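Secondary and tertiary structure notes
Listed below, chain by chain, are the residues.
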Amino acid sequence: MPFIPHTPDDVAGMLAAIGAGSIDALFDEIPAALAVAGLPAIGPGLSEPEVSRLMLERAELDGRPLCFIGAGAYEHHIPAAVWQIATRGEFYSAYTPYQAEASQGTLQLIYEYQSMMASLTGLAFSNASMYDGATAFAEACLMAVRANSRSRSRRVLTTRALSPAYRAVARALLAGQGIELVELPLENGCSSLAALAPLAGTDFAALAIQQPGFLGSPEAVDELTDWAHTQGMLVIGVCNPLLLALLAPPGEWGTAGADIACGEGQPLGIPLSSGGPYFGFLTCRKALVRQMPGRIVGRTVDVDGRPGFTLTLQAREQHIRRSRATSNICTNQGLMVTAATIFMTLLGAEGLRRVAAQCHANTRALVTALTRLPGISLAFDTFCHEAVLRFDRPVAPLLEALAAGGILGGYDLADEYPDLGHALLVCATEMRSAADIDRYAQALGGILQGTTAGRGRRSRS
Amino acid sequence: MSGEPLIFEHSRPGRRAPSHAPGACADPVGLPAGLLRTTPPLLPEVTELQAVRHYTRLSQLNFSIDTHFYPLGSCTMKYNPRAANSLAMLPGFLARHPLAPAGNGQGVLACLYELQEMLKAVTGMQGVSLTPMAGAQGEFAGVAMIRAYHAERGDLARRVIIVPDAAHGTNPATATMCGFEVREVPTDPQGDIDLEALRQAVGPDVAGIMLTNPSTLGVFERRITEVAAIVHAAGGLLYYDGANLNAILGRALPATMGFDVVHINLHKTFSTPHGGGGPGAGIVAVGERLEPYLPVPIVGERAGRFVWLTGQDRPRSIGRLSAFMGNTGILLRAYVYMRMLGAEGMRRVSGYAALNANYLMAKLGQAGFEVAYPQRRASHEFIVSLKGIARDTGVTAMDFAKALLDRGFHAPTTYFPLLVPECLLIEPTETESREVLDAFVAALVAIRDQARSDAAAVKAAPLTTPVRRLDDVRAARDLDLAWRGHGMPANGA
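None of these values were measured; they are calculated from a predicted model.

When helices and strands are counted, chain B shows 16 helices and 13 strands. The C-alpha radius of gyration computed for chain B amounts to 25 Å, which stays within 12% of the reference 23 Å derived for 493 residues, consistent with globular compactness. A principal-axis box enclosing the C-alpha atoms of chain B has dimensions of 75 × 70 × 50 Å. Scored against the burial criterion, the 493 residues of chain B give a buried share of 61%. Look at the contacts in chain B between residues 6 or more apart in sequence, and 73% of them connect residues 24 or more apart.

Before going further, it helps to spend a moment on the domain arrangement of chain A. Residue and element names in this part refer to chain A. When the domains of chain A are assigned, the result is domain 1 (66-76 + 348-448) and domain 2 (80-341). Computed from C-alpha coordinates alone, the two centres of domain 1 and domain 2 are separated by 28 Å. Breaking the side of domain 1 that touches domain 2 down by element, the ones donating at least two residues are helix 10 (334-371) and strand 14 (387-391). Residue contributions to the side of domain 1 that touches domain 2 peak at 6 residues, all from helix 10.

Quick look at the interface of chain B and chain A now. The interface of chain B with chain A comprises 179 residues on the first partner and 175 residues on the second. With 22 residues, the top contributor of residues to the side of chain B that touches chain A is helix 11 (residues 328-366) of chain B. Residue composition of the side of chain B that touches chain A, by class: 98 nonpolar, 52 polar and 29 charged.

Here we come to the domain arrangement of chain B. Residues and elements named next belong to chain B. The domains assigned to chain B are domain 1 (84-340) and domain 2 (348-475). A separation of 31 Å is found between the C-alpha centroids of domain 1 and domain 2. Counting residues at the interface gives 18 residues for domain 1 and 15 residues for domain 2. Here the residues of the side of domain 1 that touches domain 2 are counted per class, giving 8 nonpolar, 8 polar and 2 charged.

Our focus in this paragraph is unusual backbone geometry. In this model, N213 of chain B is joined to P214 of chain B through a cis peptide bond whose omega is 0°. Along the polypeptide, P214 of chain B turns up in the loop between strand 4 (206-212) and helix 9 (224-233). Residue V296 of chain B is joined to P297 of chain B through a cis peptide bond whose omega torsion reads 0°. In this model, S274 of chain A sits at a positive phi of 60°, which is unusual for a non-glycine residue. As for its placement among the helices and strands, S274 of chain A is situated in the loop between strand 9 (260-264) and strand 10 (280-284). One non-glycine residue, Y415 of chain B, lies in positive phi territory at about 60°. With respect to the helices and strands, the residue Y415 of chain B is situated in the loop between strand 12 (413-414) and strand 13 (423-426).

C141, A144, A206, I236 and I260 of chain A together with M145 and Y239 of chain B are the most contacted members of the largest nonpolar core, which has 338 residues in total. With 23 residues, the top contributor of residues to this core is helix 11 of chain B. If near-sequence neighbours (up to four positions away) are discounted, I260 of chain A is found in contact with A140, M143, A144, L234, I236, C284 and L288 of chain A.

All names here are of chain B. Taken in spatial order, the 7 strands of this open sheet run 1-7-6-5-4-2-3, and their pairing is mixed. Here the strands that pair on one side only, and so sit at the sheet edges, are strand 1 (127-129) and strand 3 (181-185). This sheet shows a mean twist of 25° between the axes of neighbouring strands, independent of strand direction. By the bridge criterion, 5 bridges tie strand 4 to strand 5 (residues 237-241) in an arrangement that is parallel. Bridging from a neighbouring strand, I209 pairs with L238 of strand 5. Across the sheet, helix 6 (residues 135-152) is in contact with strand 1, strand 2 (160-164), strand 4, strand 5, strand 6 (261-265) and strand 7 (282-286); its angle to strand 7 comes to roughly 30°. Contacting strand 2, strand 3, strand 4 and strand 5, helix 7 (residues 170-177) runs over the sheet at an angle of about 175° to strand 2.

In this section: the sheet that holds strand 2 (residues 125-126) of chain A. All names here are of chain A. The sheet built from 7 strands is open, its strands ordered 2-10-9-8-7-3-4 with mixed pairing. The open sheet terminates on both sides in strands that have one partner only, identified here as strand 2 and strand 4 (180-184). As judged from the 2 bridges shared by strand 3 (residues 155-159) and strand 7 (residues 206-211), these two strands associate in the parallel manner. For V156, the partnering residue across the bridge sits in strand 7 and is A206.

Residues and elements named next belong to chain B. Bridge count for strand 8 (residues 298-302) against strand 9 (residues 305-309) is 5 bridges, and the pairing is antiparallel. Across the sheet, the residue bridging to V299 is W308, located in strand 9. Remark: 2 residues form the turn of the hairpin made by strand 8 and strand 9, two consecutive strands paired antiparallel; A303 in that turn has positive phi of roughly 50°.

Residue and element names in this part refer to chain B. Across chain B, the average pLDDT comes to 95, with 98% of residues at or above 70. Taken as a whole, residues 487-493 scores under 50 in pLDDT and shows 25 contacts with residues more than four places along the chain or in a different chain. Confidence estimates for the predicted assembly give a pTM of 0.97 and an ipTM of 0.97.

About the criteria used
Residues numbered from 1 in each chain as written. Chains lettered and ligands numbered in written order. Predicted model: local features only at pLDDT ≥ 70, side-chain atom pairs only at ≥ 80, totals over all residues. Helix = DSSP H or I, 4+ residues; strand = E, 2+ residues; numbered from the N terminus. Rg over C-alpha atoms; globule rule 2.2 N^0.38 Å. Buried ≥ 20, exposed ≤ 12 C-beta atoms within 10 Å, placed from the backbone. Contact = placed C-beta atoms within 7 Å. Domains from an automatic or database assignment. Nonpolar A, V, L, I, M, F, W, Y, C, P; charged D, E, K, R; others polar. Core = buried A, V, L, I, M, F, W, Y, C linked by C-beta atoms within 7 Å. Pairing = 2+ DSSP bridges. Axes fitted to C-alpha atoms, helices over the stretch in contact; angles between N-to-C directions. pLDDT = per-residue confidence, 0-100.

As structure tokens, then:
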């Protein structure tokens with residue numbers, strides 16, 4: 001019996017102590033009309049070797065294509081120590097640190113994480129994490145609507161330069177509370193500054209911008225932040241935390257800095273894993289901390305005066321405040337935060353900066369190699385670590401042909417940005433070598449010439 | 001024991017773990033200087049050994065399932081099989097980009113598709129979406145679907161969600177997130193919903209009811225069919241909070257009870273790790289009425305290939321709840337666990353969870369503890385009230401919790417549900433042995449004996465943990481949420 005320790009003697013003795021005739025008798029309060037005899041649609045159990053074989057086959061099924069997709073999730077080197085430590089049972093199988101004295105490891109780690117995220121984003125306080133970047137963004141919008149004492153507006157001004165997926169998630173999560181997103185148009189891959197003037201005097205709770213924008217180009221964050229503040233809006237900065245080793249942090253944007261920062265934590269040591277689990281980060285200036293959703297760890301002292309850590313400001317949370325809580329969030333992404341904290345520790349500021357700079361250099365090399373091919377041009381001149389390429393023909397068939405040759409060529413923008421024409425978002429992280437980039441350029445060149453890619457079905461697996 | 005310093009205190013300028021980053025790299029080309037960072041972030045400067053040693057030491061300051069009995073009521077702290085972790089972390093699964101085409105994901109999609117099918121079987125429901133990333137997000141999805149259902153029928157007057165007074169705090173918080181008002185209904189002395197109060201509470205303004213069954217009081221809601229009839233007759237829908245599904249796995253189906261939508265915490269019933277507070281997974285399952293509104297993406301099958309169904313395929317969906325596809329790696333762990341259990345194993349889960357809970361309840365009752373609902377069967381958990389002991393000795397449920405830590409047991413859930421004074425909500429789970437349960441009973445008896453002879457000693461607990469009781473008031477008053485070393489932002493006011 002997998003994972004159940006009872007011997008027949010145990011069962012007999014325990015039933016006797018209860019005064020029940022059988023295990024099934026323990027369910028006698030379930031009305032007979034509701035009782036089922038079993039789950040016929042579910043097959044027999046598998047042993048560990050059997051399930052291992054099944055999963056190994058499935059994990060190998062898709063090969064290991066060479067990936068040039070970014071678009072919100074990025075392949076980076078993860079030091080071996082990160083997940084070896086994070087999956088120690090003491091981290092892996094603990095629960096939320098409600099019993100602080102029995103959870104100092106998790107609590108201190110979260111405090112260190114909060115410190116690192118505060119410093120990376122240039123803001124005072126961080127929470128203990130949200131589910132992912134998109135939900136962190138939605139919660140940041142909610143937080144801004146609650147916190148902006150100068151505005152009664154339930155509208156947030158955002159931009160088409162911000163991740164379409166984040167905007168979609170925010171719409172789904174905010175609709176029930178009647179909060180609306182309004183979008184700035186694009187101009188040269190960024191939020192249009194020309195579109196600001198007509199909006200002056202319109203009441204919005206906040207301006208939400210992403211640095212760099214979803215299309216890879218840096219936003220004019222200083223101008224946008226200052227304009228929003230003159231309009232009485234709060235400013236939400238969505239960031240890639242890895243690039244924050246290189247780019248000015250939200251807390252330093254414009255004259256006063258952004259008020260809230262959030263984003264996807266995945267680049268900090270979290271595997272791509274088909275989309276999750278990742279974690280969202282959320283930081284804010286000091287005055288907004290009581291509007292922050294989610295768990296927060298504080299340092300205090302115990303009865304003997306020793307420093308220790310505990311969950312704090314819990315009066316914001318659902319288990320205390322119920323229908324008046326700042327959010328319904330309970331469980332967050334603790335294990336991912338554990339990994340990210342170890343990752344940031346091993347990389348340090350200089351390591352993160354080097355990874356970010358290498359990603360930029362590799363993407364630049366990729367852009368150079370691909371724009372040598374006929375019919376491909378760079379859409380927007382300035383980019384951070386991903387860039388938009390324009391094609392003279394639809395991108396989808398090219399991506400399909402590349403995939404058949406074991407290359408994932410980028411993210412097709414046709415559905416979400418049809419106004420950009422035939423456009424592809426590409427990314428080469430520090431994991432891509434010069435040879436990888438060359439292979440991509442060769443394969444795409446071959447496809448464009450009408451020959452088949454790589455000449456084999458799959459050049460590596 | 002002495003505390004472990006902060007990682008920042010191990011840091012020395014110029015110290016590095018250089019093998020993890022590329023060599024020195026030129027600054028980026030073409031980015032405006034004004035957009036670049038001028039002061040580096042304050043991250044530690046340590047070697048790999050220092051990092052490994054520090055975080056290993058921190059791990060050792062935790063209680064966990066792997067090291068301690070962890071009978072935290074309503075959290076289902078059962079053993080997390082190591083195979084589920086190893087197999088979900090196979091390199092092929094970890095390396096796959098979320099935006100890779102479905103053609104490059106048939107392995108993972110096959111697992112997710114079969115997981116959807118298995119979850120239909122354990123709930124009796126017709127449709128499943130795996131994307132919600134925690135129980136609270138599953139609740140959100142469920143209530144948002146109820147909202148979409150009424151809205152599409154033009155039934156816009158339904159602005160209220162009914163929640164029993166014993167519910168998890170996430171239930172009312174979720175109703176608010178979805179734009180509803182909350183109306184509470186009381187529990188009767190037997191632990192069932194007060195049906196008369198429910199009849200009074202329903203009406204044309206009620207969108208639905210959120211229920212946990214077995215309830216947070218640790219008992220099965222015996223008149224659930226009547227509850228469903230009352231709510232349905234008034235035009236409302238029924239939401240099943242699956243927090244306690246472990247108690248009835250393979251014994252009863254939420255669909256048959258009359259529920260329209262279910263969320264399941266995979267990190268409870270299906271043994272994915274709690275991870276120090278997540279990641280979880282709060283999948284939703286629905287009956288026919290709500291099927292069109294399921295959040296996307298969903299895994300579908302076309303001509304023998306697995307595909308993602310998105311908003312384009314499912315235009316009435318409540319939308320997308322995560323940037324990509326929920327907590328996929330957690331879903332894989334649940335899949336492995338469910339395949340290992342099989343149909344028989346699932347029924348054994350609820351059987352032995354009930355055996356352990358009822359045994360523990362019987363032993364504690366025999367030892368003189370006040371069980372909240374002694375005339376009822378325990379589900380997979382039960383409540384002990386320490387009201388009498390607290391009155392006689394001044395030793396509270398909180399003191400018992402701390403004293404248990406000194407005896408090597410994680411504390412049960414305390415002070416929840418709010419209905420029962422000085423309560424411990426105890427959930428042993430099926431993976432604990434009789435010896436552990438007996439030792440736990442002995443520990444509680446010893447603490448009670450000490451409470452009677454030397455209450456101050458119990459109130460001084462814990463003594464053996466890395467820290468003793470913490471000053472929560474100071475923590476909230478003098479906020480110290482980040483290390484204020486050199487270079488930390490002053491961004492205050």
